[in-house]
Amino acid sequence: MERVIYTEKLSKSFPVGGARVQVLKEISMEIPKGKLTILKGRSGSGKTTLLNMLGALDEPTSGEVIFQGKKLSRLSAREKENLRRYEFGFVFQSVALIPVMTAYENVEFALRLGAYAGDRDRRIRECLQQVGIGKRMHHMANQLSGGEQQRVAIARAMAHHPKVIFADEPTGALDTGSGFAVMQIFRELTQTGEVTIVMTTHDPELMEQGDVVYEMTDGGGSP
Amino acid sequence: MLRLIMQKLRNKKWLSCCLFLGLSLLAGVFSCHPMFVYGSGNVLIQNELLAYAKEQNEFPAVLSRTGICSTDKYPDSESVLKQNRKYEEKWMEYIDLDPVYSRQYLGLDGGLAAGSLMDTKKFFYIGMLSDMQEHITVVKGQGLTEAETKEGLPCIVSESVMDDYGLVVGEELTFPYSVDAAGNPATFVIAGIFRENPNTDNYWYHDRDFYEKHIFVSRDTFDKLVSDYGFSSIRFEENLLLDYTGIDAAHAQEYEKHIEGFEQADSAFSANFKDTLETYERKFQSMRRMLWALELPCVLLLLLFVYMVSEQILNSEEGEIAVLRSRGATKRQVLRLYIIQSGILAAAGCLMGILLGFCMCRGAARTDAFLTFSAKDVSLYPFTWRMIPYAATASVLGILFMTLPVWRRTGLTIVQQKSGRGKEKGKPVWERAFADVILLLISVYLLYDYSRQSEAFAMKMIAGENPEPMFFLEAPLFIFSCSLLFLRLVKYLLLFLRRIGTKKWGPAPYAVFLQIGRTVGKRSILSIFLIMTIGCGIFDANMARTVNENSRQRTAYDMGVDLRMQAQWTRHRVGEAVWYDEPDFLVYEELIEGGICDGVTRVLVDDEVELSAKSRTLQNVTMMGIHTREFGETAELMEGLNDVHWFYALNALAGEPDGVIISRNVAEQCNVSVGDTISYARCRDTSYSREASTETTETMETMEATVAAVVDSFPGYERYEYERDENGAMVEQENYLLVGNYVTIVSRYGIMPYEIWMRLAENGTPEAVHDFLTERNIELTLWSVLPEEQDARSSETLFQITNGMFTMDFLITLMICSVGFLIYWTMEIQGRQLMFGVCRAMGMHMEEVRMMLVLEQLLGSVLPMGAGVGAGALATLLFVRVMTRIYLPQKHNIPIKILLYYPDWVKLSGVLLVVFLVCCYLLKRLVANMKISRALKLGED
C-alpha cells in the first residue's frame, strides 16, 4: 500500500512540574493513502498528540514525520502553514465552526483560505450537499444541531480537496445516529482513493469501520 | 462562601481591579459632589459679598440698629450705647462670626446754622462716632481730643464738608434754634479739618456721602448738648461689622434665618447682607442642580463601565452559574453570592472613593481654565462628612449595576446555556422603537426651543439667576442619540464594504467583516462607551475652551489695555468753581525707560456726555480724550472688529484737531457720517443729595466737532450695559462712543482727572508698576489689571464649576475609556482562542491573524472613535454657541466664536491611539504565544 504519511521513532514529552511526561514513545507507523485510518485508545493514550504531530500542528520531541517524502521537521513554520492550508483538512471534536458565519460561509472561508481557483459557489454547494446540509446551508452555525454542525465541519475540511483529513474524535460529542452518519461520509470520501482520512476515537463500534486501526497504549502504537 | 468569592476575585484579578477602579471613581465622583458644592458655595457667598461691597462701596457684613430714642428715656450717650451693646451681645449668641469692629454713631438734628464766614445758613447734623480719633487724619487745626476753644463747643468737619460749605478752621457755627436754659444758641467752633483714613479702613464702611453735612463732636460735648440744649431725641446707628470671610455655605442659611428672627423681634434691626444671603441661597440651590447636570454624563459613563466590566466577567462565568443552578442552587442563592462579591468590591471602592473624591474636588477647584491648573488657595473646599453617605450611595448603585447582568443569567438552565439560547436574538428594543431617531429629534428640538428663547434666558442670567440644569444635558443626549444611530447604520456600512470587494477579500478581511458586522449588538455597549467618551470629551473641551477664550477676549476688549489706573487728584472748589491739581504725568516715563512698560498714555474718560446731531440728542455717551499716537501704541484691539484697522480712525482723528471718532450706533441713530458736524457737551460735576438720594447735573458748554471716523469697536468701549429698571427687571442699554483729541477737550473744559493706561513690556509685571507707584507715594483711586480681571472672571462660580467639572469629567472618562477598551478587547480575544486556534490549524498565517486583529480594531473600535469625533464636532457646532450664552449672556462687540482647540482633540485621540496600539500589541502577543494544540484543547475543554 502506498503510504502518504509515515513516522520514524516519533516521540513527544511534556514538562509537568519539574519532570517530563512521555506521551509518545518512539512510534513508527504508516498512514496508507486513500484509506480510513483509525487511531484508537482510551483517554490519555496520546492519540490526539499523535494526530497533532501528523497534522503539523505540533512538533515532536524527537523522531520524524514524513509526508509525501518531506520531513516535517525540515519545513519552516510558513511551509507547515501552507501544508495545513492546501494539503490537509481538520475536523475537531468541538466542531469549532466560526459562530458568526453560516454553514455556507464557514465552507467559503476554508476555500478563501485555500485560494480555491474554481467556482467557489459550486464547490460549496457540492460539499454541503454531499454531507446532507444542502437545505440548511444559510443557517447560522448555532442554529444547527450538533450532528449538522459536525457535517458542516467535514464539508469545510474537504472543500479545498485536501490530500489528508485529520479528524480528532469527530463523533465524540454526537449521538450514535449522527456518529454513524459522519462515518458514512468518511467512507464515501475515501472511496475515490484521493482523500486519506486519519481519525481518533475511543468508541469501539466505530473502529470496525476503519481500513487500518492503530491501537494506542501508554504512548506506543501498534496496528 | 467568602473563600469562594475571594478565589473568584483572585482568578480574575485584572478584571476585578478594573471593577475596583470603576467603583472607586464612581464613589469618588459622587463623594466629590457635596465637597465641591459646599466649596463652590463658599466661593459663591464670598463673591456675592465682595460684589456687594464693590457695588455699594460699603462693608458687606454689617448688623445694624438705627433709630431714634427719646432723651426722656435715654438722657445721655452712655444709656443709648449700653442699650445697643446688649443687642450686640444677643446677636453674637446666634451668629458666631468674629466681630471686626463695633461702631456707634449718635446724632442730633442740629438744624440750620449760620456761619461766621458763610453768606447763607446751611443745614448741619451734629454727630458723634465712637473711637473716631483713631480713624482720621487731622489735616488742619486740631482733633477732638486735643481741641480747646475759648468760646463755643469744639467740633471738627471733614474735608468734603469743608469744600462743600467753604468752611475754615476757627469759623463759628451758630444754631439759633437750639438754645440752652438761658436762651443762648448752641455755638460751635471748627477746631479742625479731618480726612477719613483710606478706603481700607473698615471703620468707614458707609460711603463718604453718608457723613456729609455733619459736624462731629466729642462724647462729652454730645452729652452736654443733650443735657443743656433741650434736644428731645437722639438718633443712633449701631454697626457691628462681622468677619464676612467666616460666612460659609454650611451656615449661610442658618444666619439668614437668625437675621429674619432679629428683624421680626426688633424693628430697628437691619442686616445689609440679608439680601445677599437670599440671593446666594437661590443661586446655591440652582448651582447644586447644575452641578448634578454637569456630573451626570460622567456618572452614567462610570455606571456603564461598571456594567460592561461585570458583563465581561459574567460572560466567562455563565457556565459556572448554569452549573450552580443545575445543581440545585436557587436564583436567590446565586444572586446572594454575587451581591456579596459585589459588596466587597463596592466597600473597598467606597473607601478609596472618598479619598479620590477629596483629591478630585481639590483638583477641580484648582482649575483656571479647561485642563489648566494653578496653585490656587483651595481652603474654601474643606472635607465634609456629607461625602460619606454620598460615597455609600454610589457603592449601592455600583452593586446594583454589577448584579444586573447576574439576574438575567440566573434564569438560564445548563441546557439553555450550552445551546446559547440565553443570547438575545433579533433587534434590540431601542432599535425597534427607533429610540435613536426619537432622542435625536428631542435633542434638536430642545436646541431649537432654547435658541428661540435665548434672549429671554440671557436676560435671566444677567439678572443673576442660574441656568436650567437641563441645558447641560442636551448635548450629551444628542451625542448619545448619535451613538445609537451609529449602531443602526454601521451594519449597513460594513455590509456595503463587504459586498463591494466580496470576490477579492482574502480570508482575514472576509472573516472580520462578518465578525464585526454580525456582532454589532454584542459590542454595542463598547461602541456607545467609545462614542460617548470621545464625543462628550470633545464637546466638553470645546465648550470650556470657547467659554474661557471668549471671556478672556471680552475682558481684554473691555479693558482695552494691560493696566488702567488713576492717581488721587486734589480737588478745589470755591462756590461753583472747581479745579484740580494734576499729578505729575512725566514720572510715568520712567516706567518706559525702566523697561516695565512699552507704552503709557493719558485717557480722559467721561461717561456723562450728551451728543446732538441733526435734531437728535443722545444720552449715555462715553467720551474719551486721547493722544492718538500714544493711544495707538498703548491700547489693544482685536483684529476684525471694524471694517478697517482702527489705526485708520486714529490717523483720521490725528489729522483733525476738532475731529471725533464716533461709534456706529451714533452714526445710525443720528444719521451722520464722516465729514458731518455733531455737537457734544459734558455734564457739570454732580452733587449728591443725601435726603433725596439723587444726583443733579447740568450740561456744560457745547463743543462742535467734525466726524473723522466711524467705528464699530474701540478699546474700552462697551456698547451694551444692563441695569434694573424701577420694577426690578433687567433692561439693556446701549452706550455710545465719542473719541476726541485730549488737547482739544482739555482746552475747552479744563484739566480734569484722567486715567493712565499702560501697556506692559514683555518682562514687565503689574507688581513692578505697583512697587513703582508705592515708592513714589502715588495714591490710587483706580487700579485695574487685565490678567487679574481675567482671572477674577474665571474664578466666578459658574466658570469655576464648569471648568472644574469638565476637566474632571474629561480626565475620568479618558481613564475609564482606556481601561475599558483594553479589557474589552483582551477578554474578547481570549474568549475566541478556539477560533484563532482553528484558523491557525486551517493554515492561516500569523500575519493574516494579525491583520484580522488590526482590522477588527479598526472596524470595531476606530470606527466608533471616528463616530465619536464626528458626534462631538457636530454637537460643538450645534450647541456650543448657544450654550456659551449661559456664561456670557451680555451682548458684546465681540460675537461669540466657537473655539475648536485641536490640541485637545489630539490629546484625546492620542491617548486612545496609544491605548489602541498597546491593545494591538498585547493582542498580537496573546495570539503569537498561543499554541494551536493548546487552543484547540481549550476549546474542547
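Here's the deal with the overall build of chain A
A count of helical and extended segments in chain A gives 7 helices and 11 strands. Taken over the C-alpha trace, chain A has a radius of gyration of 17 Å; the compact-globule value for 223 residues is 17 Å, and the two agree within 12%. Intrachain contacts of chain A at a sequence separation of at least 6 include 71% that bridge at least 24 residues. Carbon and sulfur atoms make up 45% of the accessible area of chain A, which amounts to about 9500 Å² in all. Counting 28 positive and 27 negative side-chain charges, chain A places the centres of these two groups 4 Å from one another.

Comments concerning a nonpolar patch on the surface
On the surface, Phe434(B), Val437(B), Ile438(B), Leu441(B) and Ile442(B) cluster together to form a nonpolar patch covering roughly 440 Å² of accessible area. Turning to its location among the elements, Ile442(B) is positioned in helix α12 (residues 435–452).

Side note on the interface of chain B and chain A
Taken together, the 30 residues of chain B in the interface contact 27 residues of chain A. Across the chain B/chain A interface, buried area totals approximately 2500 Å², and carbon plus sulfur atoms make up 58% of it. A per-residue breakdown of the area chain B buries against chain A is headed by Tyr510(B), Met842(B) and His845(B), which together make up 26% of the total. On the surface where chain B and chain A come into contact, there are 4 salt bridges. Between Arg840(B) and Glu81(A) there is a salt bridge whose closest N-O contact spans 2.7 Å. Taken together, the links from chain B to chain A amount to 14 residue pairs in polar contact (both at pLDDT 80 or more). When grouped by side-chain class, the residues that make up the side of chain B that touches chain A number 15 nonpolar, 8 polar and 7 charged.

Considerations on the packing of aromatic side chains
Remark: the centre distance and the inter-plane angle together describe each pair of aromatic rings, the angle taken between the planes. All names here are of chain B. Under the counting rule described, the total for this entry stands at 38 aromatic pairs over all chains. Ring geometry for Phe631 and Trp757: centres 5.4 Å apart, planes at 40 degrees, overall tilted. One end of the pair, Phe631, is in helix α18 (residues 628–634); the other, Trp757, is in strand β26 (residues 755–760), with 126 residues separating them in the sequence. In this structure an aromatic cluster arises from ring pairing among Trp569, Tyr580, Phe585, Tyr588, Tyr742 and Tyr754. Taking the ring centre of Tyr87 as reference, the NZ or CZ of Arg65 above it sits at 3.7 Å.

Regarding unusual backbone geometry
Residue and element names in this part refer to chain A. The phi torsion at His161 lies on the positive side, around 55 degrees, for a residue other than glycine. Along the polypeptide, His161 turns up in the loop between α5 (146–158) and β8 (164–168). For His161, a relative accessible area of 48% corresponds to the partly exposed category. Of note in the backbone geometry, Glu169 takes a positive phi value of approximately 45 degrees without being a glycine. Along the chain, the position of Glu169 falls in the loop between β8 and α6 (176–191).

A closer look at the packing of helix α2 (residues 13–56) of chain B against helix α9 (residues 387–409) of chain B
All names here are of chain B. Relative orientation of the contacting elements α2 and α9 amounts to 145 degrees, with a least axis distance of 8 Å. Crossing geometry of α2 relative to α9 is assigned as right-handed. Residues Leu19, Leu23, Leu26, Ala27, Phe30, Ser31, His33, Pro34 and Met35 of α2 touch α9, and the partners they reach there are Met387, Tyr390, Ala391, Thr393, Ala394, Leu397, Gly398 and Met402. When the residues that make up the contact of α2 with α9 are grouped by side-chain class, the tally is 13 nonpolar, 4 polar and no charged.

Structural notes on the packing of helix α7 (residues 274–326) of chain B against helix α8 (residues 331–365) of chain B
Residues and elements named next belong to chain B. Remark: α7 packs on α8, axes separated minimally by 10 Å, with the N-to-C direction vectors making an angle of 140 degrees. As far as their axial angle goes, α8 and α7 are oblique. Where α7 crosses over α8, the two elements pack in a sense that is right-handed. Here Leu314, Glu317, Ile321, Leu324 and Arg325 of α7 lie close against α8, whose contacting residues are Lys331, Val334, Leu337 and Tyr338. Of the residues assigned to the contact of α7 with α8, the class counts are 6 nonpolar, no polar and 3 charged.

A word on a negative patch on the surface
Residue and element names in this part refer to chain B. On the surface, Asp607, Glu608, Glu718, Glu721 and Glu723 cluster together to form a negatively charged patch. Of all the elements in the fold, those that place two or more residues in the negative patch are β16 (597–613) and β23 (720–724). With respect to the helices and strands, Asp607 occurs in strand β16. A relative accessible area of 53% places Asp607 in the exposed class.

Comments concerning the pattern of salt bridges
Residue and element names in this part refer to chain A. Evaluated as defined, the whole model comprises 45 salt bridges over all chains. A salt bridge links Lys40 to Glu215; its shortest N-O distance comes to 3.5 Å. Residue Lys40 is found in strand β4 (residues 36–40), and its partner Glu215 is found in strand β10 (residues 212–217); the two are separated by 175 residues along the sequence. Taking the relative accessible area as the measure of exposure, Glu215 reaches 36% and is therefore partly exposed.

Considering the side chain of Gln733(B)
Residues and elements named next belong to chain B. Tracing the backbone through its elements, the reader meets Gln733 in strand β24 (residues 730–734). Residue Gln733 is classed as buried on the basis of its relative accessible area of 17%. With sequence-adjacent residues up to four places away left out, Gln733 is seen in contact with Asn620, Arg719, Tyr720, Glu721 and Glu723.

Things to note about the confidence of the model for chain B
All names here are of chain B. Per-chain confidence: chain B averages 85 in pLDDT, with 93% of residues scoring 70 or above. Of the regions scoring below 50 in pLDDT, residues 686–695 engages in 22 contacts with residues more than four places distant in sequence or in other chains. With a pTM of 0.79, the predicted complex shows an ipTM of 0.91.

So, how was this worked out
- Residues numbered from 1 in each chain as written.
- Chains lettered and ligands numbered in written order.
- Predicted model: local features only at pLDDT ≥ 70, side-chain atom pairs only at ≥ 80, totals over all residues.
- Heavy atoms only, no water.
- Helix = DSSP H or I, 4+ residues; strand = E, 2+ residues; numbered from the N terminus.
- Rg over C-alpha atoms; globule rule 2.2 N^0.38 Å.
- Contact = heavy atoms within 4.5 Å.
- Areas by Shrake-Rupley, 256 points an atom, 1.4 Å probe, with all protein chains shown as cover.
- Lys, Arg positive; Asp, Glu negative; His and termini not counted.
- Charge placed at Lys NZ, Arg CZ, Asp CG, Glu CD.
- Patch = residues over 30% accessible without salt bridge, like charges linked within 9 Å, V, L, I, M, F, W, Y side chains within 5 Å.
- Salt bridge = Lys/Arg side-chain N within 4 Å of Asp/Glu carboxyl O.
- Buried area = accessible area lost by both parts, 1.4 Å probe.
- Polar contact = N/O pair within 3.5 Å; in protein donor to acceptor, adjacent residues only side chain to side chain.
- Nonpolar A, V, L, I, M, F, W, Y, C, P; charged D, E, K, R; others polar.
- Phe/Tyr/Trp six-rings, centres within 6.5 Å; stacked < 30°, edge-to-face > 60°.
- Lys NZ or Arg CZ within 6 Å of the ring centre and 35° of its normal.
- Buried < 20%, exposed > 50% of the residue type's maximum accessible area, 1.4 Å probe, protein only.
- Axes fitted to C-alpha atoms, helices over the stretch in contact; angles between N-to-C directions.
- Left-handed = near helix turned anticlockwise from the far one by under 90°.
- Parallel < 35°, antiparallel > 145°, perpendicular 65-115°, else oblique.
- pLDDT = per-residue confidence, 0-100.

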